[in-house]
Structures are given as C-alpha cells and as structure tokens.
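Coordinate inspection notes
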Amino acid sequence: MQNDFTNVLEGNALPLIPLRNLVLFPGTVVSVTVGRPKSVALTKTLAPDDLVLVGVQRQPETADPEITDLHQIATLARVVKIVRHPSGFALVLKGLGRVNLTEMVMLTPYWRANAEPTPEPEFSQDATILAEVLQEAVDELLDEDSSADFEAAFGDVRPEQLADRVASTLGLSLDDRVTVLMTLDPEERLRLVARLIAEVRAKAAVKQKIESEIRSELNKNHREAILRQQLKAIQNELSGDDGEDELDDLRTRLMNREFPEEAQKAVDRELNRLEALEPNQAEYNVVRNYLEWMADLPWDESADTIEDIDAIETQLDADHFGLEDVKERILEHMAVLQLSGNPRGTILCLAGPPGVGKTSLGRSVAEATGRPFVRIALGGVRDEAEIRGHRRTYVGSRPGRIVHALRKVGSNNAVMLLDEIDKLGRGWAGDPEAALLEVLDPEQNDTFQDHYLEVPFDLSKVLFITTANDLGNISGPLRDRLEIIEVAGYTVEEKRQIARNHLLPKQLSEHGIDPEALTVTDGALEEIIASYTREAGVRQLQRMVTKLCRSVALKVARAGGELAVNVDVEQVPDYFGKPKFHNEVAARTSQPGVATGLAWTPVGGDILFVETSKMDGKGQLQITGQLGDVMQESARAALTYVRSNAEELGVDPKFRTESDIHIHVPAGAVPKDGPSAGVTMFTALTSLLTGRQVRSDTAMTGEATLRGQVLPVGGIKAKVLAAHRAGIKRVILPERNMRDLDEVPDNVLADLEVFPVSDMAEALKIALVDGPTVDLTPGGTDGSTAMPAA
C-alpha cells in the first residue's frame, strides 16, 4: 500500500523543520517551540493548513543541519495553529504520514527539501491480532498506573496507527521514538511498541516499589525535620538569635581564604555537596565539620619573626643558665635560617635526662624568634592516626595532632615541640614513629597529607624541635632525620646559679613572699643540692626550693607579714629533715673486692658499685644484680683474664679450682646492661684476689677485652658529671675517650684528676692502693699518667 501523498510531494520542495529532541508521529499532534533564526523565518511565512516536513536531527547539538545530519525518515505535517509569545513562536503540528527525505534544495532563509512517500506493506490478519494485544497491554498499564495518559482506544484509530499513537504518549527515550518512526512495516512496529510497553510496565513496577519505600522513609525524615526546625526555632527564640545563616558565614570564611590549588578543588567540591544536603541528613555534619577545619587551618598565615641573632641569644641566656654548647647550636641553626631564607632545615633533637630544660629551651626559642609555640606530648602514643588523623569514613573522625596544633596556634611557621619522642609506643593501630618519618623529613613535609584532610599541607615552615631521654629507643630511620644535641646535665655550681637566679625568684613570686623576707646563703643551696637531690637536672631541686618557700610563707603569715628569714647550712635540716644522700663511696670501698664504676642512664650519669666475694668451691662464677647479657659477658671476660694472668697479678692460681666467685652489682631491682663496666669488674676481681683495696676517691669506666685492652665507651660527659656530683676526685677513662672531655665544663675538670688508660695494667696501677707494682705491659714499663686538670 502506497501513502496518498504523491500528488503533494511530486515536484514540490516543502519547508522543513528539523527537531532536536522531539519526534512527530503520524496521527499525533505536538506543539513545537520555534527558536532558531531559520525556523523563525519559516514560521513568519506559514499559515494554518500549510504543509511542512518535520525531520529529526541525528545530533541535537548541530545548529545548522544539512540532509546528512537528519534521519532519512521524516513526517509530513499540517500546520494546525501558530502561536506568538514574547520569546518567539510556537507551532501546533499534526502528523499525516511518513516520508523519505531525498535532498535539501534550499538552506536560506529557511530549509526546504524534497521528499517521497514511503511504501507500507498491506495490513495482514497478524497485524490485527498484534493491535488487539497492544490494546490489552495499554489497558493493563492504565489499570496499574493511573498517571499514564493515553488518548488512543482501539475503536478510535486504525490498527496501523495504534503503534504510533501509543509510542507518542509512552514517554520513551529519543532513540526508542526514532526507532519506532524508522520502522515502516506495521507488524514490526506493533511488535516493537508491545515490547517497549512491557519494559515500561516492568520499570513502573520497580519504580512503584522504590517510591513506596522512599515515601515511608521520607515520612519519618519529614517528621524528624519538622521537629528539628521547631526545636531550632524555640532555641533561637529563647537565645534571641537573629537567625543568621551559618552556611553563608562558612561560605564567606572559605572565600576569604587563599588555598593551594588542590585544597581549593576539595573545598569547592565539598561546599557544593553541603549545599545539596539537608541539615537533617547524617552526612551534612560530616561535610560541614570538614569545611570548618579547612577554613580554620593557617594555609597562608605566618607569624612575624625576629631575625636578630643577638636578641635570640639574650633571650636564651635570660631563660637558661649554662648549656653553652646547646645555645650555640640553636643560634647556628637560626643563623642558617636567616641567611638562606629557606625555611627547610635540619630537625633539632634535644637529648638528655629529665629536668635539664629541654622543653623550656623549645619555649625560649619560640619567644626569642617571635613565633607561636605549641607542644605535643608523644609519650605513650601508639596509634598512627594520632599523627596522620582518621579517615572521614569513620564515625567521630578527626585530624591528627599535627594539624590540631597548627589550628590551635593559627600560624604555619610555629615552633612545634614534639616532647618525649623516644616514648612512642607501637600497637595494633600502626606505628606512630613511622608516621613521623614524613613529618620530620625536610624533603617531604612540604606535602604532608593528613588522612582527614586528604590534601597536602605545607609543614616546611614549621620549626620542629624534638626531645628525648634515651636515643636508643628511637629507630634508625627516624634518628637519621634528626640532628642530635646532647643536654647532659648541670654541675653543682650551675645548679646553684639556677636556684639563685631562676628557681628562687620564681617561687618567691608565686608564694607571695617579699624577696627581702628570705635570704638563702650559697652554702645552704649547695647543701640542698648535695644532700637532698641527686639528679642531672634541677626538677628535684625546684621541689626543694618550693618546699622551702612554703615553710617560709607559713612563718611570714603567722608573724603578720613582718618577718625576715635567713637560711644557712645549719638551718637546712630544719626545713628538709635529715639528709637523703650521703657520700658513701669511701665506706663502700673500704675493703678489697669493691670498685666504683660510672654508668649512663636515661636520667643522666650515675655511679655504681661492683662487689665481689670469694668462698670455698670449685671455680664457679655467680652473677647477680639483674645484669643484662652484655654485662654478664663482661664479668666472665674479666674473670677469664684474671685466671690467665694470675701469676703476673700476684693471684694464687689455686683459686681457679678451690674457690667460687660471686659478682654483685647493688640496686638489684634496677636492670643494668652495657659493656662499660668491664674495667670496673676487672679491677674489683683483682682487688678481691690480691687483697689490695681500690682507692675510694677513684671511679672508672671502659670496656675490657680478653687481651686486657681498654676500649672506648659512650656517655663520657654524663659520667664525668656524675663522678663530680658524687665527690669523686680521680677518674679512669679509656684513652680514646679523652677527646670527649672537650664537652665537660672547665670548672668540673679543675676538680678532677683524669687518667687515660689503654690497657688494664695501667688501670690497676692507678686504681689499687699499696701493693706490688702490676706489670703486664711489654718491657715492664709503667705507662700510667695523670691528665692535668684543664
């Protein structure tokens, strides 16, 4: 069957209207908004009942289509009505039939094209049955979805037109509508539309189920939202809040910030998400908290710094007495920062016993340079998220301590003190020490990325200072990033000056005592230091000064404020009780078999005693005092050397088979280890087996080998200071450690006689009292010499 448009189309080029997202089916009426200049020009020439061709563009974005830009099958249409409105025209068109576009004959001032009718097969009995099936499907869809709008009924249109009528009102996609238009066989068209309507029914069923579930949830959320709005209104009414939009305030704060490029993208993305969320949604507060953090961080805010090296030195001297080497290194570091202009540099680590002023040094650096100061205590931290933060997927997530500290000080060039870095733990949640590798690496920390922020933050301007008591607890990779500055401790003279110039004035002010009301002599301060404190730092000394001020405050208060108190050496026990520490070196070394050694501990240097005893037995060795493996090996090595050189040492060789030896290091509750007690153990064993007493004014340190050589050890400065505090007058050191005495204050060396030794023969000649000369060196020369006091 041939469409009866031959007379109209033959030899006539009809006006053409290309549609972007619309399909006009035969037998249907649509309203088309006219906007393109060519279409507007065409509309001005049209009148009702005029015929036009209506095509469909292959690509909707094509502005000036040609014949190849249109689908081959178009629709012949009659103009029903022309409507003029302020923004242009609208055409009401009725589709008459399918036509085949052949060529475009004119492109200006509007499109005109030639077309020919499309052949259509005869309508068979199968097509009639398919039309009935399609009508039933339409009826079922109407029953299931009352919102569906179908004008068509089987009795109102011809069976071959039913597919077009249904397709026009089914809400199909553009591609499906074009497919129906391009299908010329009525039977195939009916089958296609029947399949499409089945898909629509399936989608409608799923949609209805989802909408039912959403409606139920929305009813619940709507009720909660209304209650929240009412509660908020009540709270605003009670507080007198003018209802200022907090979201606008946050948006303004973010706009006033200068973010790096990557951070700006994250802020824009999250702000768009926040604006699309309702306040009652759970994710609303998560996104808002994130943006609050981004707005509060000092991305581009730096504090004004003081670059006067002399001013920094003056501030350090005012806050701390002594520690000249430490101050010099800090000044060198600040000078490099000033001259290079590069904030990146080494990370300082102040290592030393408690109470020597490591933390206060960091605070003094901040005050001297004009930078804000923030302290982060790392002792006991065992979660990697404490450093890097938690990811936002977790409930209650937040940034790590580094980002927290920066928000607190509001500056990206603060002095950040990482306190007790050697006391980091390691748990199931990760290793925080590993997380610090990036933070404390000047080559990496300019792109530090917190898990919560998920964007890089520049830490290169931050001046990091770390503190530690025991460097042995810090891993190798982390130590490699730190520049270690040893803060060994104070001498008695330095402690007296600190008490006089710092501790006492501070406590007098805190206790409200007039400085004229309390006089403490230098002798009293030295007695307090020697008899009531035994430490490398001044923390216990500060407690003693505080206790003294409390007692004086009580006396002054009882006297009505008119009282002057003088504290001399004789009055010290009245305030502190009997002395806690005594010089027990002479008493404990008064018999053979006991030697005084020097030890290093995380809380500073200390002296220790090695006691030996001999009893009848079979040559066995017993070691007690909770000694580690290395120290026990030192004891066995010392005994082996004494046995192998018994005759030269004047020791009865029979002791190897007739006596048992017991070596004990007191303070048995304290674990001890290390090789530096080798010389002390050797001396104590020789003293025991020869009956010669060790000098009570002599202490020693060094590692001894099986050949009798004395090897260097560490912690010399702390050990020498400990010997000086304990009243020792003579110190035996490995010869190769003499260079370490440069770190010891001159006033300490002036009170000591230091003996460098390279083998045990020299050590015995210096340490043991009256007796035959011990000669184990080749040629029998006496190589012991005393180092003159510096």
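For the structure, check the block above.
We now turn to the structure provided with this report.

Reading the values: the criteria
Residues numbered from 1 in each chain as written. Predicted model: local features only at pLDDT ≥ 70, side-chain atom pairs only at ≥ 80, totals over all residues. Heavy atoms only, no water. Helix = DSSP H or I, 4+ residues; strand = E, 2+ residues; numbered from the N terminus. Buried < 20%, exposed > 50% of the residue type's maximum accessible area, 1.4 Å probe, protein only. Lys, Arg positive; Asp, Glu negative; His and termini not counted. Salt bridge = Lys/Arg side-chain N within 4 Å of Asp/Glu carboxyl O. Polar contact = N/O pair within 3.5 Å; in protein donor to acceptor, adjacent residues only side chain to side chain. Contact = heavy atoms within 4.5 Å. Axes fitted to C-alpha atoms, helices over the stretch in contact; angles between N-to-C directions. Parallel < 35°, antiparallel > 145°, perpendicular 65-115°, else oblique. Left-handed = near helix turned anticlockwise from the far one by under 90°. Nonpolar A, V, L, I, M, F, W, Y, C, P; charged D, E, K, R; others polar. Pairing = 2+ DSSP bridges.

Within the secondary structure, Lys672 sits in the loop between strand S19 (659-664) and helix H25 (678-690). Buried and unpaired, Lys672 has no salt bridge, with Asp606 as the nearest side chain of opposite charge at 10 Å. Among the polar contacts made by the side chain of Lys672, one reaches the main-chain carbonyl oxygen of Gly625 at a distance of 2.8 Å. Of the polar contacts made by the side chain of Lys672, one reaches the backbone oxygen of Pro666; its length is 3.4 Å. Every residue in contact with Lys672, bar those within four places of it in the chain, is listed here: Gly625, Gln626, Leu627, Gly628, Met631, Val665, Pro666 and Ala667.

Where helix H18 (residues 522-532) contacts helix H19 (residues 539-558), the axes come no closer than 10 Å and their chain directions differ by 125°. Taken together, the axes of H18 and H19 are oblique relative to one another. At the point where H18 passes H19, the crossing takes the right-handed sense. In this structure, H18 uses Ile528, Ile529 and Tyr532 to contact H19, whose residues at the interface are Gln540, Leu541 and Met544. Its residues placed into classes, the contact of H18 with H19 shows 5 nonpolar, 1 polar and no charged.

Taken together, 5 strands build an open sheet; the order of strands is S8-S9-S12-S7-S13 and the sheet is parallel. Strands with a single pairing partner mark the edges of an open sheet, and in this sheet they are strand S8 (373-377) and strand S13 (482-486). Mean inter-strand twist for the sheet, computed between neighbouring axes without regard to direction, equals 25°. Of the strand pairs in this sheet, strand S7 (residues 347-351) and S13 are connected by 5 bridges, and their pairing is parallel. Along S13, the bridge assignment pairs Ala351 with Glu486.

Among the secondary structure elements, Ile474 is positioned in the loop between strand S12 (463-468) and helix H16 (476-480). Using a relative accessible area of 6% as the deciding quantity, one classes Ile474 as buried. The spatial distance from the C-alpha of Ile474 to the C-alpha of Lys423 is 8.4 Å, given a sequence separation of 51 residues.

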